[in-house]
Amino acid sequence: MRIVDERDQSFESVTRSLPALSLYRWQEEALSEWRQAWHRGVVQAVTGAGKTRVGLAAIELAHQRGRQAVVLVPSLALAKQWVVNLRTHLPQMKVRTDLNSSVPWDVTVTTVQSAMNRASLTAVGGLLVADECHRYGAESFALALSPAYTWRLGLSATFQRNDLGDEVLRDYFAGVCFDLGYQRATADRLISPFKVAFASVPLSSKERTRYVEVDAELKHLRQVLVQRFEVVSDPVGEFLKGVSALAEDRDPSSGGGVARRYMARFSERKSLLAETQMKYMALAGVSPAVHGAAGTIVFTHTQKSAEEAAEVLGSTGCSAAAVHAEHPIDERESRVEMLRTGEITALTAPRVLDEGIDVPDADLGIILASNRSRRQMIQRLGRVLRRRDQKLARFLILYAEGTVEDPFASGAIPDFYDECLPFAVAERRFDLGANQLPQLLEFLGVSADATSARVGNEIVEASGERASGPAADEDARLAETEPVAVIQPTPEVVTPFSRFLLAPPAMFARCTADVIHDYLHTLRQYPLLSAEEEVHLSKAIEVGLYARHLLETGGSSHIEVTLEQLWREGELAFQWMVVSNLRLVVNITKGYVGQGLDFEDLIQAGTEGLVRAVHKFDFTRGLKFSTYATWWIKQSVTRTLADEGRLVRLPVHFVEKLRPVDGLRRRNDQTWAQFLLAHPEGLTDLEVSGQDLRRMATLSRSWLSTEWLTEEVADSWVASPVGGADGDSAIEACVDIVANHAQVHQILAELTETFPVGVFVLKARHGLLTGEPETLDTIGRMRGVTRERIRQIEKQALELLTHHRVVPATPPEQKSSAKQKAKGKIKATVNKGAATRGKSIPVVRPAALSKSVPTPQRERRPGLLSAKFQKQLALNSQGPAAPRRALHTSASEAWPTVGAAPRRALLEP
């Protein structure tokens, strides 16, 4: 109990003394979680979100309790940054950087290389802040993790190492206590909004031939190392360690020669992909984007490629400089500062800029050496994601098509992309071998110039024969750049489609608090389908449906067991068709995030559209299923947004017009008032009139709650005559309503004999069935047809009304007498009620019937007739002499409605 109280008191103390740090909400939560975990744990957060502030808060907390703190960093550059932060935010602290100094100190900042040779730098009970703690799982660096530090805080963007070092770090820090992913960072605006572009470049004919040779040899050597020399294949870190140890053995029979040959070929393949001339040509092609960027960082694989990338950019007029380990520290810092001050527009560097260096603010990152390392990709993306007002970060990934660095070659994109792409503003793939360089530049926000046009044509000409298919294999995960996966024995394959005879793997094999991450993680187990597989599954679905029909009708001579098997295979094919295209749903729906529905709801709506597409897909037309399904998915998402994305539903056709208009307004950074002033006559390009534009502005206003009115008005609602009408006028209006209803029912009674379906639709559309007007979709479901068919029926019924005329059943004088009697009865009823309560009762009359209210403000009520239609009814009752044009006009405008209307005329009295 004493420890718990001490912990709580210390936290309250530091919380009161940390106003200068200006912690974000997530940083406060992370510090609280670390404290609740007995001051042990790792705070994992995306690069650029501000992990250092959490470490500073922990140091202040330790200082309040009289504990010294040690900060471990992997490089001298990062040590300098920590010293600057400590002296800026915690000036009262005594900071030590020289381990041999005897001056009293509160915080020591040192590298892990210096600390691993010392047992402990503080007395028992001190605090250890391990920045980039994932590095300290290595066998030598782990010596710096002394058990004397009872308070332990690790900071990292990617804690997992995928080797035995994970267990070392987990035992020391007790795992991750707080995790900040892209979802939370994007929602809290801790990082800049970003877009990602994937651009594939083809290898030249010579490069492709050499790549195939090296890749085939690597596969053979890897199989020999694992099977003959028993090198552990998993985890990947242990495989690399085993290959390195075996390569040092010079015994001819030990396999050292095979290991050395494997490492040489592996290095050759990486260099071939990293230094292909096609990527340098593509870099020259995107030089307009580099010119227009606030700062660009080009990530390469080798020092040689960094120098060549800088020369390529320089040849296009961009000032660029290379930064790598061969340069002295002062020279590196000088070149980084040149980018900060704007003297150069781009930095090209291998891994030296991935982590540990505070790079200047940049908004464009280009990767020339793509790989599947989650840690490296997060670090590199974090270089351009630091928050700045009005900043949109752009990330371009160049990769050799159909190789191990192709993120789409294996059918499942790496984990990193599953984590970040759903929260990107936009994401697209481009094929530079198909001359899509202009589209890529447009996506990056610039226009193509003469240089990019020339480069695009050169890439197409130099590509030669394109790769026939993806060549990715397990080597795509080796080490931090490309680790090797476990080698599984090749199963016996009966048919190319035998895997579809089994049910797809279950969804959500694991469940955590992050549902989106679990869902995206699950989708990786469903590989994408080839064109042949799509045709096979479509055929199986049709065969299954026909087998089901034969089983239900019983009119087949086939064996029942065979039909049941075909039915089951059809159902399995349907499941495979759906789950294999769920990633298409995610890619499409993420473009609709922020328009009124959560991402989970958008995925659900898109999945419904995907299921409908599978049902209606016809493989005989030769279309690719993804092309066909995209339309259904988008339609389902947009319809769901129109139905559920707003507090008050708007018609779907109106929402489809509103969306591009609102997007244009947002891009111009204008309010609706400013937008209306800028476009008083509407938008001709979008076919939006000025009246429609003003209506959009009105309906786009924020909704306000009226609950606060409850206490203000209480029971003070008072009814009053509409338009100042007296009792006689109100009675007259009620009599008119009754008479007009009789006329309507008489017209519809004649039409019922010739077109009963049309009468039903008209009554439902205008509230004569239930008192409320029904939508086209609702009536369509009632009749079992589409909304478009209901619209056609409604139009046909309105046209047929022009051929009907009503013969009055009662002479005018009798009608007038009946009208007077009805008026007398209503007036007597009103007077009787007034006498009972001792006051007059106002008759609340719909605004549509009040002639004193201007036309645009008239309120439409279901089942009530406009004054204009009353006039046309009189013309209709006069017989054949009535003008048909006027009768047609009255019939088409006779049905006032509330809400969505299929015609503009129905919205006008």
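To start, this report covers the structure provided alongside it. (Residues numbered from 1 in each chain as written. Predicted model: local features only at pLDDT ≥ 70, side-chain atom pairs only at ≥ 80, totals over all residues. Heavy atoms only, no water.)

## Details of the overall build of the protein chain
Counting its regular elements, the protein chain contains 35 helices and 16 strands. Every one of the 909 residues in the protein chain was classed for burial, and the buried ones make up 46%. Taking all contacts inside the protein chain whose residues are at least 6 apart in sequence as the whole, residues at least 24 apart take part in 71%. About 45400 Å² of surface is accessible on the protein chain, with carbon and sulfur atoms providing 52% of the total. (Helix = DSSP H or I, 4+ residues; strand = E, 2+ residues; numbered from the N terminus. Buried < 20%, exposed > 50% of the residue type's maximum accessible area, 1.4 Å probe, protein only. Contact = heavy atoms within 4.5 Å. Areas by Shrake-Rupley, 256 points an atom, 1.4 Å probe, with all protein chains shown as cover.)

## With respect to the sheet that holds strand 11 (residues 346-349)
Within a beta sheet, neighbouring strands are joined by backbone hydrogen bonds and run either parallel or antiparallel to one another. Read from one edge of the open sheet, seven strands run 10-11-9-12-13-8-14, paired in parallel fashion. Whereas interior strands pair on both sides, the edge strands pair on one side only; in this sheet they are strand 10 (320-322) and strand 14 (426-431). In this sheet, neighbouring strand axes are inclined to one another by 15° on average, regardless of whether the strands run parallel or antiparallel. Taken together, the eight bridges between strand 8 (residues 194-201) and strand 13 (residues 393-400) define a ladder with parallel strand orientation. Among the inter-strand pairings, Ala 199 is bridged to a residue of strand 13, identified as Leu 398. Across the sheet, helix 14 (residues 329-341) touches strand 9 (296-299), strand 10 and strand 11, and the angle it forms with strand 11 is around 150°. (Pairing = 2+ DSSP bridges. Axes fitted to C-alpha atoms, helices over the stretch in contact; angles between N-to-C directions.)

## Quick word on the packing of aromatic side chains
Applying the stated rule across the entire model yields ten aromatic pairs. Aromatic pair Trp 26 and Phe 178: ring centres 6.0 Å apart, planes at 20°, arrangement stacked. Of this pair, Trp 26 sits in helix 2 (residues 25-36) while Phe 178 sits in strand 7 (residues 176-180); the two residues are 152 residues apart in sequence, bridging distant segments of the chain. Under the relative-accessibility criterion, Trp 26 is labelled buried at 1%. On the accessibility criterion, Phe 178 (11% relative accessible area) is buried. Ring geometry for Phe 617 versus Phe 625: centroids 5.1 Å apart, planes at 85°, classification edge-to-face. For the pair Phe 617 and Phe 625, one class covers both residues: buried. An aromatic cluster is defined as three or more aromatic residues linked by ring pairs; in this entry it consists of Phe 617, Phe 625 and Tyr 628. Between the NZ or CZ atom of Lys 195 and the centre of the ring of Phe 443, over which it lies, the distance is 4.5 Å. Geometry around Phe 760 places Arg 783 over its ring, the cationic atom sitting 5.2 Å from the centre. (Phe/Tyr/Trp six-rings, centres within 6.5 Å; stacked < 30°, edge-to-face > 60°. Lys NZ or Arg CZ within 6 Å of the ring centre and 35° of its normal.)

## Description of helix 27 (residues 690-699)
Of all the positions in helix 27, only Gly 690, Asp 692, Leu 693, Met 696 and Ala 697 are classed as buried. Relative to the axis of helix 27, the buried residues are bounded by an arc of 160° and lie together on one face. In the core, the buried residues of helix 27 are packed alongside helix 25 (652-667), helix 26 (672-678), strand 15 (682-683) and strand 16 (688-689). (Arc of directions from axis to C-beta.)

## Remarks on the pattern of salt bridges
Under the criterion given, the structure shown has 25 salt bridges. In this structure, Glu 427 engages Lys 590 in a salt bridge whose closest nitrogen and oxygen atoms are separated by 2.7 Å. You can see Glu 427 sitting in strand 14 and its partner Lys 590 sitting in the loop between helix 22 (582-589) and helix 23 (599-616), a full 163 residues away along the chain. (Salt bridge = Lys/Arg side-chain N within 4 Å of Asp/Glu carboxyl O.)

## What about the environment of Ile 633?
Along the chain, Ile 633 turns up in helix 24 (residues 625-644). Judged by relative accessible area, Ile 633 falls into the buried class, the value being 0%. For the pair Ile 633 and Arg 612, spaced 21 residues apart in sequence, the C-alpha to C-alpha distance is 8.6 Å. Contact partners of Ile 633, with chain neighbours within four places excluded, come to Leu 584, Val 585, Ile 588, Gly 606, Gly 609 and Leu 610.

## Some points on the pairing of strand 4 (residues 107-111)
Of all five residues that make up strand 4, five are buried, and the element is covered over most of its length. Relative to strand 4, strand 2 (residues 69-73) runs parallel, the two sharing five bridges. Paired with Val 70 across the bridge in strand 4 is Thr 108. Bridge count between strand 3 (residues 95-96) and strand 4: two bridges; the pairing is parallel. Opposite Arg 96, over in strand 4, you have Thr 108 as the bridge partner.

## Details of the side chain of Thr 296
Inspection of the secondary structure puts Thr 296 in strand 9. In this structure Thr 296 comes out as buried when scored by relative accessible area, which is 0%. Other than its neighbours up to four places away in sequence, Thr 296 contacts Val 290, Leu 339, Thr 345, Ala 346, Leu 347, Ala 362, Leu 364 and Ile 366.

## A closer look at the environment of Arg 375
As for its placement among the helices and strands, Arg 375 is situated in helix 15 (residues 374-382). A sequence separation of 219 residues divides Arg 375 from Ser 156, and the C-alpha atoms of the two residues are 9.7 Å apart.

## Let's talk about the sheet that holds strand 6 (residues 151-156)
Read from one edge of the open sheet, seven strands run 3-4-2-5-6-1-7, paired in parallel fashion. Each end of this open sheet is capped by a strand with a single partner; those strands are strand 3 and strand 7. When strand 1 (residues 40-45) meets strand 7, the two strands line up parallel, connected through four bridges. In the sheet register, Ala 45 faces strand 7, and the bridge partner there is Leu 180. Along the sheet, helix 3 (residues 51-64) makes contact with strand 1, strand 2, strand 4, strand 5 (127-131) and strand 6, crossing strand 6 at roughly 170°. Those strands touched by helix 6 (residues 165-173) are strand 1, strand 5 and strand 6, and its axis lies near 135° from that of strand 6.

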